[in-house]
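Overview (structure and organization)
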Amino acid sequence: MEIGYFTMPSHPPECGLKEGHDWDLQTLRWLDELGYQEAWIGEHHTAPWEPHPSPDLILAQAFLQTKNIRLGPGGFLLPYHHPAELANRVAMLDHLSEGRLNFGVAASGLPSDWAMFNVDGMSGQNRDMTREALEIILKMWTEDAPWTHTGKFWTVNKPDTMFDFLKPHIKPLQAPHPPIGVAGLSKGSDTLKLAGERGYIPMSLNLNPAYVGSHWESVEIGAAKTGRKPKRSDWRLVREVFIADTDEEAWRLSVGDMMGRMMGEYFLPLLGHFGFKDYLKAAPDVADSDVTVEYCARNNWIVGSPATVTEKIEKIYHEVGGFGTLLVFGFDYKHKPEAWHNSLRLLKQEVMPRLKHLDADLTRAA
């Protein structure tokens, strides 16, 4: 099993935009020093608790400040970008990364973002746009000119050479393109079916482990369409993780600090508005009102001493049938940086050596 990081990135609304950006860069430097495999940075436009509208800005800086870790958007919200422009921008970013870029894509799930960009998310327009945009981007990278794509949402040309020397020429460094990752949330996720269908990296967001188990079925359904055999070692699970020397200290620093505040003030109310609290329940008969920060910490989060966390990760691993990479969900602990760094360090140095026997390639296929 590998470990990585997934961050929205999350900052409290009173935090300055540069102040939050600098914390995220600091965290990415730590992850690289500690030997984490990868990190993913989200894109949002209308959420004060998720304030970064352009993950490539932080990635361009982070590639200069790190040496080994793979980094990527988690993901670019494809409905809000012109596919030809984004194809060139991502290709350039791959060169700047010297081949360390992962390309995460997403359809966008915030109604306030849909409203800003006039996208009808209620009808699934965002998902249709995402599929079309990705098709165009891949075509830009892999198919020779000239061609014209006339789609439902975009008409894009890849022109032949003009005036002897003007022509499309920008392609990614990684051939044929950087690894593509997609994140899924809902049960029977269409996005994760797409991952299975195309052989992309599937990422399951931070929900109840029992619920997340159904996500692999979506990957397999998609893979069956194209005759692929998906590998559980490619599957990423995002989890809230906080490790300290004792269970009590870890609880205090998570539930009683920024993790608890973000969940209580933002994430739980947001899921409640969407009717998504079921995704956090350990059993269907639990009332929505009982899904509190403390409930999530007990049932879904991975919080405790290294011994406790080792036990919890192993339990989740077997519950879902095996996965390849645990992605730590990012929080803003710039007021207690040593506690967050220590948690990341303990996961890498104390917990992971105890989980070496968990190999998703050897896990049952279903």
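No experiment lies behind these values; they were computed from the predicted model shown.

Assigned secondary structure in the chain consists of 12 helices and 13 strands. Radius of gyration (C-alpha) of the chain: 20 Å, near the 21 Å computed for a compact globule of 366 residues. Here the chain holds 366 residues, and 55% of them are scored as buried. For the chain, the share of sequence-separated contacts (at least 6 apart) that also reach a separation of at least 24 residues comes to 74%. For the chain, the distance from the average position of its 37 positive side-chain charges to the average position of its 48 negative side-chain charges is 4 Å.

Let's shift gears to the layout of surface pockets. Of the volumes computed, that of the largest pocket is approximately 980 Å³. As for the largest pocket, its lining consists of 39 residues, and the residues nearest its centre are Ser108, Gly109, Leu110, Leu185 and Leu205. Elements that contribute at least two residues to the lining of the largest pocket include exactly helix 4 (111-117), helix 5 (125-142), strand 8 (180-184), helix 6 (190-198) and helix 9 (258-274). It is helix 9 that provides the largest number of residues to the lining of the largest pocket, a total of five residues.

The sheet built from nine strands is open, its strands ordered 3-2-1-13-10-9-8-5-4 with parallel pairing. Every interior strand has two partners, whereas the edge strands, strand 3 (70-73) and strand 4 (76-77), have only one. As paired elements, strand 1 (residues 2-7) and strand 2 (residues 38-41) share four bridges and run parallel to each other. Counterpart to Tyr5 in the pairing with strand 2 is Ala39. Across the sheet, helix 12 (residues 337-351) is in contact with strand 1 and strand 13 (325-329); its angle to strand 13 comes to roughly 170°.

Soluble globular proteins tend to pack their nonpolar side chains together in the buried interior. Grouped together as the largest cluster of nonpolar side chains are 117 residues, with contacts concentrated most on Trp340 and Leu347. Of the residues forming this core, the biggest block, nine residues, is contributed by helix 9. The contact partners of Leu347, leaving out residues within four places of it in the chain, are Ile3, Tyr36, Ile243, Ile313, Leu326, Val328 and Met352.

Our focus in this paragraph is the side chain of Asp32. Here Asp32 lies in helix 1 (residues 17-34). Here the side chain of Asp32 touches Lys67 through a polar contact of 2.7 Å, landing on its backbone nitrogen. A polar contact is formed between the side chain of Asp32 and the backbone nitrogen of Ile69, at a distance of 2.9 Å. Leave out the neighbours within four places in its chain, and Asp32 touches Thr66, Lys67, Asn68 and Ile69.

Moving on to the packing of aromatic side chains. Within this structure, the stated rule accounts for 17 aromatic pairs. Centre to centre, the rings of Tyr80 and Phe117 are 4.1 Å apart; their planes meet at 15°, and the pair counts as stacked. Remark: Phe117 occurs in helix 4 and Tyr80 occurs in the loop between strand 4 and helix 3 (83-96); sequence separation between them is 37 residues. When the ring of Tyr317 is compared with that of Phe323, the centres are 5.3 Å apart and the planes differ by 55°; the resulting orientation is tilted. Here Tyr317 matches Phe323 in class, with each residue buried. The lysine or arginine in question, Lys139, covers the ring of Trp147, its NZ or CZ lying 4.7 Å from the ring centre.

Our next topic: the packing of helix 1 against helix 2 (residues 55-65). Two numbers describe how helix 1 lies on helix 2: the axes approach to 10 Å, and their chain directions differ by 40°. Between helix 1 and helix 2, the angle is such that the two are oblique. When you trace helix 1 past helix 2, the crossing you get is right-handed. The residues of helix 2 that touch helix 1, namely those facing His21, Asp24, Leu25, Leu28 and Arg29, are Leu57, Ile58, Gln61, Ala62 and Gln65. Classifying every residue of the contact of helix 1 with helix 2 gives five nonpolar, three polar and two charged.

The rules behind each value
- Residues numbered from 1 in each chain as written.
- Predicted model: local features only at pLDDT ≥ 70, side-chain atom pairs only at ≥ 80, totals over all residues.
- Heavy atoms only, no water.
- Helix = DSSP H or I, 4+ residues; strand = E, 2+ residues; numbered from the N terminus.
- Rg over C-alpha atoms; globule rule 2.2 N^0.38 Å.
- Buried < 20%, exposed > 50% of the residue type's maximum accessible area, 1.4 Å probe, protein only.
- Contact = heavy atoms within 4.5 Å.
- Lys, Arg positive; Asp, Glu negative; His and termini not counted.
- Charge placed at Lys NZ, Arg CZ, Asp CG, Glu CD.
- 1 Å grid on protein atoms, 1.4 Å probe; cavity = no way out; pocket = protein on both sides within 12 Å on 5 of 7 lines; lining within 4 Å.
- Points joined across faces, edges and corners; volume = space filled by probe spheres on them.
- Pairing = 2+ DSSP bridges.
- Axes fitted to C-alpha atoms, helices over the stretch in contact; angles between N-to-C directions.
- Core = buried A, V, L, I, M, F, W, Y, C linked by side-chain atoms within 4.5 Å.
- Polar contact = N/O pair within 3.5 Å; in protein donor to acceptor, adjacent residues only side chain to side chain.
- Phe/Tyr/Trp six-rings, centres within 6.5 Å; stacked < 30°, edge-to-face > 60°.
- Lys NZ or Arg CZ within 6 Å of the ring centre and 35° of its normal.
- Parallel < 35°, antiparallel > 145°, perpendicular 65-115°, else oblique.
- Left-handed = near helix turned anticlockwise from the far one by under 90°.
- Nonpolar A, V, L, I, M, F, W, Y, C, P; charged D, E, K, R; others polar.

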